Amino acid sequence: MAERSSTGLLTMMLEPTPAVAMTLPAEVREKLAELELELSEGDITQKGYEKKRGKLLAPYIPQIQGVDPSLQIDNRIQASSQVALQGSKSNKSRAANTRDERFRSDLHTEAVQAALAKYKERKMPMPSKRRSVLVQSSVEACTPPDTSSASEDEGSLRRQGRLTTSTPYQGHSHPAVEHWFNRVIQGSSTSSSASSTSSHPGGRSVTTTNTTAHAALNVNAAATALADLMAHTQLDNHSAPPDVTGLSERSSHHAERPHVASVRGVSRGFNHHTSVMETADGCEWRGEGSLTLIDGVPVNSRVSNKIQQLLNTLKRPKRPPLREFFVDDFEELLDVQQPDPNQPKPEGQQMCPLEGEPLGVVTNWPPSLPAALQRWGTTQPKSPCLTALDNAGKPVYTLTYGKLWTRSQKLGYTLLNKLSSRNEPLLVPGDRVALVFPNNDPVMFMVAFYGCLLAELVPVPIEVPLTRKDAGSQQIGFLLGSCGVTLALTTDACQKGLPKAQTGEVATFKGWPRLLWFVTDGKHVVKPPKDWHPPIREASNDIAYIEYKTSKEGSTMGITVSHSAMLAHCHALTQACGYTEGETITNVLDFKREAGLWHGVLTSVMNRMHVISIPYSLMKVNPLSWIMKVHTYKARVAVVKSRDMHWSLLAQRDQRDISLSSLRMLIVADGANPWSISSCDAFLNVFQSRGLRPEVICPCASSSEAMTVAIRRPPEMGVPPPGKAVLSMGGLSHGVIRVDTEEKLSVLTVQDVGQVMPGALVCVVRAEGIPYLCQTDEVGEICVSSGSTGVAYYGLPGMTKNIFETVPVTPSGIPISDRPFTRTSLLGFVGPDSLVFVVGKMDGLMVVSGRRHNADDVVATALAVEPMKFVYRGRIAVFSVSVLHDERIVVVAEQRPDASEEDSFQWMSRVLQAIDSIHQVGVYCLALVPANTLPKAPLGGIHISETKQRFLEGALHPCNVLMCPHTCVTNLPKPRQKQPEVGPASMIVGNLVAGKRIAQACGRDLGQLEDNDQARKFLYIQDVLQWRAQATPDHPLFLVLNAKGTVSSSASCLQLHKRAERVAAALMGRLNTGDHVALVYPPGIDLIATFYGCLYAGCVPVTVRPPHPQNLATTLPTVKMIVEVSKSVCILTTQAITKLLKSKEAAAAVDIKSWPTVLDTDDLPRKKSPQMYKPPTPEMLAYLDFSVSTTGILAGVKMSHAATSALCRSIKLQCELYPSRQIAICLDPYCGLGFALWCLCSVYSGHQSILVPPLELESNASLWLAAVSQYKVRVTFCSYSVMEMCTKGLGSQTEALRLRNVNLSCVRTCMVVAEERPRIALTQSFSKIFKDLGLSPRAVSTTFGCRVNVAICLQPNRLGKLAEQGTAGPDPTTVYVDMRALRHDRVRLVERGSPHSLPLMESGKILPGVKVIIANTETKGPLGDSHLGEIWVSSPHNATGYYTVYGEEALHADHFNTKLSFGDTQTVWARTGYLGFLRRTELTDASGERHDALYVVGSLDETLELRGMRYHPIDIETSVIRSHKSIAECAVFTWTNLLVVVVELEGSEQEALDLVALVTNVVLEEHYLIVGVVVVVDPGVIPINSRGEKQRMHLRDGFLADQLDPIYVAYNM
């Protein structure tokens, strides 16, 4: 990391060049400075600023022939860039660079430039974003900046002035700079092809996007190739690099990257000059934008092009490939980073603890601080103590020692004696009191602080809470609560400004205890009686005050400081700084805590000094104010932070009359910051001519816990000269100090923070683990043992022991001293001359893969990336989050309001490369947020922990995100490699030896079940209907309900038979026996009647869901496809649908001329068919069952008459159905079990079916449950989509339903019909919600069927006669399996709640006559109990085969007649295509046998093979949905080798980008997978079929065809 010391080496062409700057008249320079100020404060837009500035400078810029001066500034023409070059060579004074100077260092900038130059054009797809999001985020970004945003993390005042380059103390420029610079310039000629700035007439300047590019770098092409990822390079027609978007736009002169925003389905920027070019990855680009992959998959969309490029970046692995082997161990071992054997290790001696000089004995030193106040208040009452200034810098009030003494006494007396509650005094000595004072009222604060000390109360100074939701304010509340604070002191003005409740009292802030607010202004305090004197005691170990501190995690701790420590610290500071009585000191810091409090409130009173307190608000208006006050008051000492020096640099004009010669000490309180050195050097450079002596700059290091740790002594103390170290960043990341002699780019330059404090013992210990002493060349945490450190964290004994009572030990484990040490949270080492050096803080420490990085260093690198002004006011936060057992670096920056998508993406790409190059660490996530939206710390600055919290909660609302998990997650488990399979024989032997039973189970034996089943006599279902029509003609079979809950149609046995006869009569003349007929009906009696009509006529019915009139384009093609694939010769349907099929709208979707004959059955003549068709054999085809699987395959299975009857009998026995029963069915009647229950079962068993079409629930969600209650139904069937509609739609309405007398206590069993793994969460929430309506928690159970056998399991609950005899099956059981083992096709049962556990619910009881076995998918051999394999089924109601499989015929040839490869090789099985396992439970079933439970894990077709492991999409989706409250639904699929996650966003579009990081995190953490693409879409985009299953393949097709209209698509790098 480059040294952060000097400023302004390469001048910007936006600045007047040095030569010009010299000649600008003073008033012009003044106006420029004002403009700068306006811009930085946000009072003027960038555009307005440039315009005004252009006008001001126009007369002074040397004219180039024929070029308009205003253009000339922008175009950075070569001639003027040479002027800049000469300026920089001659090393004279140079123009200021207007970006944030504090991070400014040329070496740093160069390091970044050079790092970027190493990267060749690496292509990355740019995220695509919906227009509305762009618009919305930019509107937000233009909100006027609030004034409190300038801070340590921003240099908001960029006033222009003449700056000389700062140099190290030796006073000459760094040779490396010149050298590098010259090298770059010479390199430019060789790479001219990369940049032809104006070689073609009309050619645009290559670096147009790079608004603040260095002029000098424009000359040289090497730097233009600075991996500006999307460089607008000149394309010659023969060798153009592939364009980043995958759309190459050509024209004769120049090519610009077309802007890729996806605007509702239109992809922009296709070119019109066709040309072909080869890209590196074996694709051909054709000019018209169509992309043909060499392996023959034609693709034509922006998304696929981008993904293709992403793949290409991934094909070139960045890290060396890992040795791949499969660890056969359940705890999939995450790859532990092996330490590099060549990494530097400490080689020095063990360090010796460093002792400060002894504390001197001072005669008549006061015994305590209140004693000092009493002495000065009575002996020197007129002596000035504190001067407060207003925002104009005028002194408002000077507090004298006399006044401070009397006012503090009054307040102390009032607090103890005049406040009471219930006749008890409110406060007693030792109570804690909150001090809430604004930063511009030091006088009131000082009176309150000393008033508390005199009353022996403990002041707890905190920030003024401005709103109820201030960043971190809740944590402050916890601190106040834990300290037992009941009273807050404040000023009248401040109290008026606090947010109020309705009653007019101060509002209670979130997380705060109830407080009484007491105003300390004069009229509220009482003069104490003559005989009252405050107790002035000697300093004891009682608590004097509590200082708050926010930890890295965002929690707030209170550090207690005792009276003796406070006194000792004042003593040590007085000695170290050589303070004398009556000195004047200027304090710019916050007087409530740390150095501002120690110097400006405590030590000053000890020595009767006069403090000039500069409020933050004044610094913002006039950054020079503190320097002016030093001059006016001839101050001897000033206490500042680097930022204050930095601001004054930007603001200083020709203040000829300022003199800093009075200063003997300029204390830099944050001397431990990595960029303080450049501020100090630059400040000295400018102000040396104003009397500032180099040796008066005294950096110091401190922490809240240890107070001041070290400070550079003033020159008169005869101390060694200051030191400076140039350290290798690589070494530092391994915790080792290596002075970098070579001209490496990644170095850190640090300055010393002086010597140890008087009376202190300092050592450096290992930061983690046991506090072993470090070696001399090792970086560790600095620890201090002295009487002047904090004592404890209030109320936190455990943490206190850790921090305040550390015992450093030698490597052999011997304590180095019997005194306890305090950890300072500063990381550093002791250099030569016993100087202390600090290289970072524990708070900013990020340990990634065992290497340490400092957040501040990463900030500095990011801010040195061109264009520098891209980050709004330098506001940037860097922190790490823990994902997958390692820290991951996150960078969040505010972007300028005027930044385009293009600028953002370009800047982000460069930042990633710069950080990678300089710190050798990958950034996990880089997010840009609109200006002024990051949470702010009290005095400006970014509240890091709050930012991190928002990031993790998904509440950051970024406008751009770049995730790079592929490069920085290097500890994924090794990909699994399949072992050679064990042979069949050894498998059986293995199972026998292990005593494992083969996993097979069966339902009850049909042969042994004697029942009075009349229907058994008939071979054909249509014969059963005829028999019922004769035997019980008026027995009602069907009731169909409409949305109002009334019966819309019904049918008795005879009515159904008559309607069927009519249909048969109509068909018999027209069709031949065995013809296929498509039945296209809405759910209802018509469908059932025509089905039996077809059977009567000897035709084969095919039930088809009718097209949706509002959505013909997608539903009609499916109808057409089924009609064609099933070879139907005729369509039977209603009049309305007939019209629809032939309508104009239909013609747009399909070819309506090619429909077969369409028969409208609404008004058929009442005629009887001549005779019924009798099939010659039950093996003949009865009907075809067509269904589209979730993987998008249309499969039709053949059901014979025998299978149809067997199916009905099996269901009748399992559910105990007979004519007196009623069941309610809320299912679609077109395929699978839904069809069987609607059309077949009632006719076979004679029970009455109440039919509720699921579509009606959309207009009346309670329809199904109300019907169940009204008809007192005991058995009901539904689908998951129905269940979901009820839970979502009725969840909050159970009370209303109860009032309508809906009662579900009648329900014995509610079965969910599904072809998937049971959805436990949904069934449980359904049971929970409707428990209030009497639904038994045991009623809900699941079923399982698939294409080869539509009913394998049904779980009826204990019902009817059999229940009394105790013969029904046991309740369904749930087991927990280890998800990681499941990925390896293994079942490992774990306890509920264990990590990575997945609950699986048994799929129901196996039906009578059904046998199930679990077979190995590869060897087709039987598996043991609790082994995962494919479920195979054998049963008389198996389908007899596929009629057609639309899509993949070859794969399915053996699905219906497979035999095991060993074991029982005779039985013929059908393969279900589902993975599952059988497990023998402890429960017994009706026959007294142990019950075998079947668990379905998921469809084989759906599984994703990733990293050699098998994943079920539902598991990944469940994790994703849990990750953020706004994710309504999620679906995942793979494309090539990328995992694509599509999430539906329920919420505002500004949340879209929050989801990207959360989704990536959760999938990494729980599934060890890297998400390749995150697509955020609107609710309802993920297609769901009638069974409530996600159609992931349709979604995938839509994604690849770019039809999803996503809100945002993020490509993870």
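Residues numbered from 1 in each chain as written. Predicted model: local features only at pLDDT ≥ 70, side-chain atom pairs only at ≥ 80, totals over all residues. Heavy atoms only, no water.

Asker: How would you explain the overall build of the protein chain if you had to name every residue and give the values?
Answerer: Secondary structure assignment for the protein chain yields 46 helices and 70 strands. Residue burial in the protein chain is summarised as follows: out of 1613 residues, 61% are buried. Accessible surface, the protein chain as shown: approximately 60600 Å² in total, 54% of it carbon and sulfur. (Helix = DSSP H or I, 4+ residues; strand = E, 2+ residues; numbered from the N terminus. Buried < 20%, exposed > 50% of the residue type's maximum accessible area, 1.4 Å probe, protein only. Areas by Shrake-Rupley, 256 points an atom, 1.4 Å probe, with all protein chains shown as cover.)

Asker: Help me get a handle on helix 24 (residues 797-804), residues and values and all.
Answerer: Of the positions making up helix 24, those classed as buried are T800, I803 and F804. Along the axis of helix 24, the buried positions cluster into a sector of 80 degrees, meaning they face one direction only. Counted as exposed and oriented over 90 degrees from the buried face of helix 24: G798, K801 and N802. Contacts made by the buried residues of helix 24 are with strand 20 (556-562), strand 32 (792-793) and strand 33 (822-830). (Arc of directions from axis to C-beta. Contact = heavy atoms within 4.5 Å.)

Asker: Can you lay out the sheet that holds strand 32 for me, pointing to particular residues and giving the numbers?
Answerer: Pairing within the open sheet is antiparallel, and its three strands lie in the order 19-20-32. Of all strands in the sheet, those with a lone pairing partner are strand 19 (543-550) and strand 32, marking the two edges. The sheet strands contacting helix 15 (residues 473-483) are strand 19 and strand 20, and the helix crosses strand 20 at an angle near 45 degrees. (Pairing = 2+ DSSP bridges. Axes fitted to C-alpha atoms, helices over the stretch in contact; angles between N-to-C directions.)

Asker: Tell me about helix 12 (residues 369-379), and name the residues and values.
Answerer: What sets the pattern is the α-helix's 3.6 residues per turn: residues three or four places apart point alike. Considered for burial, the residues of helix 12 that qualify are L369, P370, A371, A372, L373, W376 and G377. Taken together, the buried residues of helix 12 touch helix 13 (401-417), helix 14 (442-454), helix 17 (563-577) and helix 18 (594-606).

Asker: Any details on the sheet that holds strand 39 (residues 923-930)? Residues and values, ideally.
Answerer: If you trace the four strands from one edge of the open sheet to the other, you get 37-38-39-40, paired in mixed fashion. Sheet topology places strand 37 (871-882) and strand 40 (960-963) at the edges, where each strand pairs with a single neighbour. For this sheet the average axis-to-axis angle between neighbouring strands, irrespective of direction, equals 15 degrees. For strand 37 and strand 38 (residues 887-895), the ladder comprises eight bridges, and the chain directions are antiparallel. Bridge pairing in strand 38 links S882 to E887. Seen against the sheet, helix 26 (residues 901-919) touches strand 37, strand 38, strand 39 and strand 40 and runs at an angle of roughly 150 degrees to strand 39. Contacts from helix 27 (residues 944-953) reach strand 37, strand 38 and strand 39 within the one sheet, and its direction differs from that of strand 37 by about 65 degrees.

Asker: A description of empty space enclosed by the protein should follow, citing residues and the corresponding values.
Answerer: Empty space among the atoms becomes apparent when a probe as large as a water molecule is rolled across them. Estimates place the volume of the largest cavity at around 220 Å³. Around the largest cavity, the lining comprises 18 residues; the ones closest to its centre are L732, R852, H853, N854 and D857. Listing elements by their share of the lining of the largest cavity, those giving two or more residues are helix 23 (729-733), strand 34 (836-841), strand 36 (851-854) and helix 26. Among the residues making up the lining of the largest cavity, the classes are represented as eight nonpolar, seven polar and three charged. (1 Å grid on protein atoms, 1.4 Å probe; cavity = no way out; pocket = protein on both sides within 12 Å on 5 of 7 lines; lining within 4 Å. Points joined across faces, edges and corners; volume = space filled by probe spheres on them. Nonpolar A, V, L, I, M, F, W, Y, C, P; charged D, E, K, R; others polar.)

Asker: Go over the side chain of N1349 with me, naming the residues and quoting the values.
Answerer: In this structure, N1349 sits in the loop between strand 54 (1340-1342) and strand 55 (1353-1354). What makes N1349 buried here is its relative accessible area of 0%. Among the polar contacts made by the side chain of N1349, one reaches the side chain of H1437 at a distance of 3.1 Å. Sequence-distant contacts of N1349, defined by excluding residues within four places in its chain, comprise V1433, S1435, H1437 and N1438. (Polar contact = N/O pair within 3.5 Å; in protein donor to acceptor, adjacent residues only side chain to side chain.)

Asker: Talk me through the nonpolar core; I want residue IDs and the actual numbers.
Answerer: In this structure, L415, Y450, L489, Y545 and L602 are the most contacted members of the largest nonpolar core, which totals 96 residues. Per element, the largest residue contribution to this core is 11 residues, and it comes from helix 14. Those residues in contact with L415, other than ones at most four positions away along the chain, are L427, C452, L457, L487, L489 and F518. If you look at the next biggest cluster of nonpolar residues, it comprises 90 residues, including V1243, L1251, V1275 and V1412. (Core = buried A, V, L, I, M, F, W, Y, C linked by side-chain atoms within 4.5 Å.)

Asker: Give a detailed account of the pairing of strand 17 (residues 487-490), specifying residues and quantitative values.
Answerer: The side-chain alternation of strand 17 yields two buried faces, one formed by L487 and L489 and the other by A488 and T490. The pairing of strand 15 (residues 432-436) with strand 17 spans two bridges and is classified as parallel. Residue pairing across strands places L435 opposite L489, the latter belonging to strand 17. Both strand 17 and strand 18 (residues 516-519) contribute to a ladder of four bridges, which runs parallel. Note on strand 18: the bridge partner recorded for T490 is V519.

Asker: Residue-level account of a positive patch on the surface, with values.
Answerer: A cluster of like positive charges, contributed by K47, K51, K52 and K55, occupies part of the molecular surface. As for its placement among the helices and strands, K52 is situated in helix 3 (residues 46-57). Overall, the relative accessible area of 46% leaves K52 in the partly exposed class. (Patch = residues over 30% accessible without salt bridge, like charges linked within 9 Å, V, L, I, M, F, W, Y side chains within 5 Å. Salt bridge = Lys/Arg side-chain N within 4 Å of Asp/Glu carboxyl O. Lys, Arg positive; Asp, Glu negative; His and termini not counted. Charge placed at Lys NZ, Arg CZ, Asp CG, Glu CD.)

Asker: A description of the packing of helix 30 (residues 1021-1031) against helix 37 (residues 1232-1245) should follow, citing residues and the corresponding values.
Answerer: Put simply, helix 30 and helix 37 touch, their axes get as near as 9 Å, and they point 50 degrees apart. Taken as axis vectors, helix 30 and helix 37 run oblique relative to one another. Crossing handedness for the pair helix 30 and helix 37: left-handed. Contacts from I1021, V1024, L1025 and R1028 of helix 30 reach helix 37 at L1240, S1242, V1243, Y1244 and S1245. (Parallel < 35°, antiparallel > 145°, perpendicular 65-115°, else oblique. Left-handed = near helix turned anticlockwise from the far one by under 90°.)

Asker: I'd like to hear about the packing of aromatic side chains, residue by residue, with values.
Answerer: Using the criterion set out here, one finds 24 aromatic pairs in the structure. Arranged with centres 4.8 Å apart and planes meeting at 20 degrees, the rings of F870 and W907 form a pair that is stacked. Within this pair, whereas F870 is found in the loop between helix 25 (855-863) and strand 37, its partner W907 is found in helix 26, the two being separated by 37 residues in sequence. The two residues F870 and W907 agree in class, both being buried. Arranged with centres 5.8 Å apart and planes meeting at 55 degrees, the rings of F1533 and F1599 form a pair that is tilted. Taken together, the positions of F1533 in strand 67 (residues 1527-1535) and F1599 in helix 46 (residues 1592-1600) put the pair 66 residues apart, joining distant regions of the chain. Ring pairs connect the aromatic residues F437, F445, F449, Y450, Y545 and F591, which therefore count as one cluster. Taking NZ or CZ as reference, R593 lies 4.6 Å from the ring centre of Y548, over its face. Cation over ring: R608 sits above W376, and NZ or CZ is 5.7 Å from the ring centre. (Phe/Tyr/Trp six-rings, centres within 6.5 Å; stacked < 30°, edge-to-face > 60°. Lys NZ or Arg CZ within 6 Å of the ring centre and 35° of its normal.)

That's the geometry; what it means functionally is another story.
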